[in-house]
Amino acid sequence: MNAVDICNVHKSFPGPWGRGSSGVYAVKGVSLSIPPGGVYGLIGPNGSGKSTIMKMLVGLLAPHEGSCCVYGLPATAAANRREIGYLPENPYFYKFLTGEETLRFYGRLCGLGGKALRARVEELLELVGLQDAAKRRLGGYSKGMLQRIGLAQALVQRPRLLVLDEPTAGVDPIGSRLIRDIIMDIKRSGLTVFLCSHLLEQVQEVCDRVGILYQGNLIAEGSMAELTNDTHTQEVLLREPSAELLCRIRELAGEAYLGDAPARRSLEAVFLAGIRAKAEELGSTPPRG
């Protein structure tokens, strides 16, 4: 059973003059499946429909057509509330609470209490590296620290699916790296992670599969190897080659020749090429870069 099944989902919003006017389509017939375990990344420009898909998946929005299922149940099913942990792009927290109090608050909302809750709070603070800031009020937290406490609250009920909407938005490079390392730890624990991000290098580093959205369309989807393979070029790997060896690479390499493999394009190149092609198909102006 897949962790996520999104089947032919359409979602539109009313136009500027209300329901009687022409609506704006945010998602147009998107279908994708995510097997349990691993990390799935969704990338695309602003307004491409990433957040809309995530909100439908966690039950905050309902699709006009199609279906969103989590572990075989509709995304809106009450039974899925314990299965999904969600960190929105701009989470809101009570700034007068400490980090520890925040996690205890969310733990109680999820039905935890007593020793089990105290142990879970300590475990999560250690996971996100905020043990030393546990007694500090959130009003004194940096953006990166707030994102990490957001990750912790999304994990408090031990969900099977973690949904992260721009988890490193507005975070400095150091904080972004910390969050990336936390996601890798979560991945190793066997949890399924579904995230969207503008940081393509980060997506390429942590994700097993990626989908590319443009104007509500899923224009490319596959494993990282499938998306970044470049069949028109070839890489040759050499161990400390000499100048002479470089001149006659295939004839003289000998034991220094390690083999060859298809060269890989960067995820950014795949991303921009896919969007340019779709923009030309739609007759719109492709983005720069």
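Description of a nonpolar patch on the surface
A cluster of nonpolar side chains, contributed by Tyr 92, Tyr 94, Phe 96, Phe 105 and Leu 109, occupies part of the molecular surface with about 590 Å² of accessible area. Look at Tyr 92 and you get exposed, because its relative accessible area is 64%.

So, the packing of helix α2 (residues 99-109) against helix α3 (residues 114-127)
Running from amino to carboxyl end, α2 crosses α3 at an angle of 130°, the nearest separation of the two axes being 10 Å. Compared by their axis directions, α2 and α3 come out oblique. Handedness of the α2/α3 crossing: right-handed. Contact residues: α2 offers Glu 100, Leu 103, Arg 104, Gly 107 and Arg 108, while α3 offers Leu 117, Val 121, Leu 124 and Leu 125. A breakdown of the residues in the contact of α2 with α3 according to their chemical character gives five nonpolar, one polar and three charged.

Observations concerning the packing of aromatic side chains
One pass over the structure, following the stated rule, counts six aromatic pairs. Ring geometry for Tyr 92 and Tyr 94: centres 6.0 Å apart, planes at 80°, overall edge-to-face. Seen in terms of ring centroids, Phe 105 and Tyr 106 are 5.3 Å apart; in terms of plane orientation they differ by 75°. Their pairing is edge-to-face. Site record: aromatic cluster; members linked through ring pairs are Tyr 92, Phe 93, Tyr 94, Phe 96, Phe 105 and Tyr 106. Here the guanidinium or amino end of Arg 160 rests over the ring plane of Tyr 71, the centre of that ring lying 3.8 Å away.

Brief notes about the pattern of salt bridges
A complete count under the given rule lists eleven salt bridges for this structure. The residue Lys 135 makes a salt bridge to Glu 100 at a minimum N-O spacing of 2.6 Å. In this pair, Lys 135 is assigned in the loop between α3 and α4 (143-155) and Glu 100 in helix α2, connecting sequence segments 35 residues apart. Using a relative accessible area of 64% as the deciding quantity, one classes Lys 135 as exposed. In this structure, Arg 180 and Asp 181 form a salt bridge, with 2.2 Å as the shortest nitrogen-oxygen distance. Judged by relative accessible area, Arg 180 falls into the buried class, the value being 13%. Via salt bridges that share partners, Arg 177, Arg 180, Asp 181 and Glu 205 belong to a single interconnected network.

Rules of the game
Residues numbered from 1 in each chain as written. Predicted model: local features only at pLDDT ≥ 70, side-chain atom pairs only at ≥ 80, totals over all residues. Heavy atoms only, no water. Patch = residues over 30% accessible without salt bridge, like charges linked within 9 Å, V, L, I, M, F, W, Y side chains within 5 Å. Areas by Shrake-Rupley, 256 points an atom, 1.4 Å probe, with all protein chains shown as cover. Salt bridge = Lys/Arg side-chain N within 4 Å of Asp/Glu carboxyl O. Buried < 20%, exposed > 50% of the residue type's maximum accessible area, 1.4 Å probe, protein only. Axes fitted to C-alpha atoms, helices over the stretch in contact; angles between N-to-C directions. Helix = DSSP H or I, 4+ residues; strand = E, 2+ residues; numbered from the N terminus. Parallel < 35°, antiparallel > 145°, perpendicular 65-115°, else oblique. Left-handed = near helix turned anticlockwise from the far one by under 90°. Contact = heavy atoms within 4.5 Å. Nonpolar A, V, L, I, M, F, W, Y, C, P; charged D, E, K, R; others polar. Phe/Tyr/Trp six-rings, centres within 6.5 Å; stacked < 30°, edge-to-face > 60°. Lys NZ or Arg CZ within 6 Å of the ring centre and 35° of its normal.

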